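# Survey of secondary and tertiary structure
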Amino acid sequence: MRRNRMLTALLAVSAAIGTLTIGSASALTPTGTTMVARVTGATPSGETMPNPNQTAANYNVGGTDLGIVWEKSPGQYFIAFGDTNDSAGNWTRSNVLATSSDTNLADGLSFDTMIQSSPGFAKEILSSKKINNDEMTVIPTAGVTVGSRSYIHYMSVNHWGSAGRWYTNYSGIAYSDDNGQNWIKSPSARWVNNTTTWDSRFQMAAFLKDSGFVYMYATPNGRFGDVYLARVPENSMLDIGAYRYWDGNGWATGEASARPVAIGVAGEMSVAYNTYFKRYIMTYLNEDRQTIVMRDAATPVGPWSGEKILVPGNFTGLGQYNAFMHPLSNNGPDLYFIMSTWYPDYNTHLMKATLTSDMLGDNLISDPSFETQAQTPIMAPWYVTGEGGIDRNLGYARTGTNNGYVRNGSGWNAIKQRIVVQPNTDYTLKGWVKTSSNNTEGYFGARLPNDGAVISETHFGSLPNYTELTVSFHSGSNSVVELYAGLWANGDTWLQLDDVSVVREANLVGHAGFESQPTSSLTSPWYANGNAGVDRNLGFAHTGSNNGYARYDSGWNAIKQEVFVEPNANYTLTAWVRTSSNNNDGYFGARLMNGGAILSETPFASLPNYTLLTVAFNSGNNHSLEIYAGMWATGDTWIQADDFRLTKN
């Protein structure tokens, strides 16, 4: 991952955050980012930071990048690096691997050794042809160990493109059963790219081992794609057919089903779960913003917060990328990660930031108060249609020092940002707007990307003072929407925007009223035990047109759904249920996945009319669980269920 991956520009970015207060959900902000020590390479003249590994002298690794860290056994770690040159500057290896048992990162990250092909020469662990437009290199992107077997996700690079762009033949999984000495590329565990369109969504990855699964967060080749998600049971890593892809509400077979979980621009990603804050953390380089950013979420599927700056674009003065988190960071507020740099050379460094709780909650907007905008022309993640920019330090902001604006004499002019949403889910958009006195045609709302069809909006005229505008919208079948504040100019007309937020509804149940179920068979995110399905347009629903049902003459028959929760939190589950007159053994509740231990349930017998059932429970140590409504049939027995709701107390 050499010069073609160099940053295209350098921006001095302020990490200040406005005083926006949104919601009460716990969320995180990185602060105090510092460089702790050199990880690879020789110590340049004048550098005073620790360099415990001296890889140029000890392993003939003069320059390399990445530094993907994962635990291979308790207290033992693998660290995988990318394209590597020797002490003379020759590019001889596509990848190398180190081991470490260092558990005190305050003074740097020390290796035990590097895997070597001969004494003093770090071994290339995954071979490549090194032929341009065929296979230029093979680069690791993620690692995980399950039992005694370790796995590396890698990409086969066909050729390098312009800065931040490269093109892959496929991505795949290699494994080692001998403590990393030798690696075998699985011939079947591969995600083949289309070498015409180059649009496979699973070419670069980050692994997260969680609750019996390995979650694989992924992006297309290069740095400009959205983030997608798949998962596989831990013991099925090499079975490509065992992977299931997040479709926005549940898990589906086939890569084509995948919907994004976070908006790119994303490259060189890392994902971890922090037990101290009970938050999932995602880091990556945003090439458009020229910064390394962080998102966080309460569950592995999101909703992921807006981006927060982890490493500003001007940190080293020349450019840097990736933030591969060390597992030792997963239990406290100190976030240690390995970053690749171009200054003073092509190598890796150990970094540290401190995570603190913020009050942004689960706001999906990145840079919601425009405080990280470093130039007057508007910058990513915000974009403009027509004429607009940033009022920086002009005293026009509602909070902080900056605000966005549009101003023009004619036409449509708007500030906008894309976000990922869960399909068929309700959201609330808020923002503070003020305008010139001649504004008559202002609009604030949500629409399809690229100035597409409006989903929901509110109209406003002259707003002489900052006024909070609110728009509720339903995402429908969409996974990505565009939020905007704009106006049709009538002479010199302007608006100013500040403190924008989007939050998802509290209900955690997908397709809660079954209205989005496309057929009479249950489809993701709903599943059946025994005989169950959907009554569509039959007049049986509690509200709307559809409801779920289970019906049979024997055995256990139920409607169920996997839902993602925060560990050790209290929840309330409700639904409306009615049954046949002969039902005497019905149950409604929450349990561990795949028919596991019951967390809480309520029994019910004959319910001739829709009746609200309620169950309260604590999630325990679980990140996901199964909600259900079902019955043990005796003769022809049925239940109908509608309008499920699960909320955190």
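Residues numbered from 1 in each chain as written. Predicted model: local features only at pLDDT ≥ 70, side-chain atom pairs only at ≥ 80, totals over all residues. Heavy atoms only, no water.

### Digging into the nonpolar core
Heads up, the condition is: In plain words, nonpolar cores are sets of buried Ala, Val, Leu, Ile, Met, Phe, Trp, Tyr and Cys residues tied together by side-chain atoms within 4.5 Å. Between buried and exposed lies partly exposed: a residue is buried under 20% and exposed over 50% of the maximum accessible area for its type, with that area taken using a 1.4 Å probe on protein chains only. Per the convention used, a helix needs a DSSP run of H or I reaching at least four residues, while a strand needs a run of E reaching at least two, with both numbered from the N terminus.
Of all hydrophobic cores here, the largest spans 32 residues; its most connected members are Trp-526, Phe-588, Phe-617, Ile-627, Phe-644 and Leu-646. For this core, the element with the most residues is strand β41 (residues 624-648), which contributes nine residues. If you look at the next biggest cluster of nonpolar residues, it comprises 29 residues, including Leu-364, Ala-446, Ala-489 and Val-500.

### Things to note about the sheet that holds strand β13 (residues 184-192)
So the rule is basically this: DSSP-based pairing: two strands are paired if at least 2 bridges between them are found. Note on method: axes are straight lines fitted to C-alpha atoms, helices fitted across the in-contact stretch only, with angles between N-to-C directions ranging 0 to 180 degrees.
Ordered by their spatial adjacency, four strands build an open sheet running β10-β11-β12-β13, and the pairing between neighbours is antiparallel. The sheet is open, and its two borders are formed by β10 (137-146) and β13, each paired with just one other strand. If you compare each strand with its neighbour and ignore which way they point, the axes differ by 25 degrees on average. As judged from the five bridges shared by strand β12 (residues 166-176) and β13, these two strands associate in the antiparallel manner. Each residue of the ladder has a partner; that of Gly-172, found in β13, is Arg-190.

### Digging into the confidence of the model for the chain
This is how it is decided: How sure the predictor is of each residue is captured by pLDDT, a score from 0 to 100. Contacts are assigned to residue pairs that have any heavy atoms within 4.5 Å of one another.
Mean pLDDT for the chain: 93, with 95% of residues reaching 70 or above. This stretch, residues 1-25, has a pLDDT under 50; its non-local contacts, to residues over four places away or in other chains, come to 100 contacts.

### Re the packing of aromatic side chains
Operational definition: Here is the rule: rings of Phe, Tyr and Trp (six-membered ring for Trp) pair when centre to centre is within 6.5 Å. Planes less than 30 degrees apart are stacked, more than 60 are edge-to-face, and the remainder are tilted. Working rule: Lys NZ or Arg CZ, within 6 Å of ring centre, within 35 degrees of ring normal, means a charge sits over the ring.
Across all of its chains, the model carries 32 aromatic pairs by this definition. The interplanar angle of 55 degrees and the centroid separation of 6.0 Å between the aromatic rings of Phe-81 and Phe-111 together place this pair among those described as tilted. Of this pair, Phe-81 sits in strand β3 (residues 76-81) while Phe-111 sits in the loop between β6 (96-100) and β7 (113-114); the two residues are 30 residues apart in sequence, bridging distant segments of the chain. Using a relative accessible area of 0% as the deciding quantity, one classes Phe-81 as buried. Judged by its relative accessible area of 10%, Phe-111 falls in the buried class. Through successive ring pairs, a cluster of aromatic residues spans Phe-213, Tyr-215, Trp-246, Trp-251 and Phe-564. The ring of Phe-121 carries Arg-93 above its face, with NZ or CZ at 4.1 Å from the centroid. Directly above the aromatic system of Phe-224 lies the positively charged group of Arg-165, at a separation of 4.0 Å from the ring centroid.

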